[in-house]
Amino acid sequence: MKVNVKCKSCGSDKFQIPPRPNNNSKVTCGKCGAVETYGNIMKAVGDKVTEDLKREFGKLFK
Ligand SMILES: [Zn+2]
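**Let's talk about the overall build of the protein**
The secondary structure content of the protein amounts to one helix and three strands. The order of helices and strands in the protein, counted from the N terminus, is β-β-β-α. By the compact-globule yardstick of 11 Å for 62 residues, the protein is too spread out, its C-alpha radius of gyration being 14 Å. By principal-axis analysis of the C-alpha atoms, the protein measures approximately 45 × 25 × 15 Å. Looking at the protein as a whole, 6% of its 62 residues are labelled buried. Of the contacts formed within the protein by residues at least 6 apart in sequence, a portion of 22% connects residues at least 24 apart.

Take a look at the structure:
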C-alpha cells in the first residue's frame, strides 16, 4: 500500500525528514517550506491508512 503525505499548504509530497525522527521532530516541506511535526504527519498517515483499509474491506464485503 502506498501512502501519500501531502503538505497542507501547497499539496507537495516532498518533505525533508530528519534521519531519526521522533514525534517532536520538525519536518519541512521541500516545496513551500511549511513546517510540521513528525508526530502530526504520522498521525495523519495513520488516519489515512485506516480510512483506506476500511474502504478496501468495504469493497470485499459488498
Ligand atoms: Zn508545502
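**Here's the deal with the environment of Val5**
Within the fold, Val5 resides in the segment before strand 1 (15-16). As a C-alpha pair, Val5 and Val45 span 40 residues in sequence and 6.6 Å in three-dimensional space. Dropping the residues within four chain positions of it, Val5 is found in contact with Asp13, Phe15, Ile41, Ala44 and Val45.

**Points about the sheet that holds strand 2 (residues 26-29)**
If you walk across this open sheet you meet the three strands as 1-2-3, and the pairing is antiparallel. Only two strands of the sheet have a single partner each, and these edge strands are strand 1 and strand 3 (35-37). The sheet contact formed by strand 1 and strand 2 spans two bridges and is antiparallel. Paired with Phe15 across the bridge in strand 2 is Cys29.

**A look at the environment of Met42**
As for its placement among the helices and strands, Met42 is situated in helix 1 (residues 38-60). With 14 C-beta atoms packed within 10 Å, Met42 lands in the partly exposed category. Counting along the chain gives 18 residues from Met42 to Asn24, while the straight-line C-alpha distance between them is 11 Å.

**A word on the confidence of the model for the protein**
Residues of the protein with pLDDT of at least 70 account for 92%, and the chain-wide mean is 88. Per-element mean pLDDT across the protein ranges from 89 in helix 1 up to 94 in strand 2.

About the thresholds
Residues numbered from 1 in each chain as written. Predicted model: local features only at pLDDT ≥ 70, side-chain atom pairs only at ≥ 80, totals over all residues. Helix = DSSP H or I, 4+ residues; strand = E, 2+ residues; numbered from the N terminus. Rg over C-alpha atoms; globule rule 2.2 N^0.38 Å. Buried ≥ 20, exposed ≤ 12 C-beta atoms within 10 Å, placed from the backbone. Contact = placed C-beta atoms within 7 Å. Pairing = 2+ DSSP bridges. pLDDT = per-residue confidence, 0-100.

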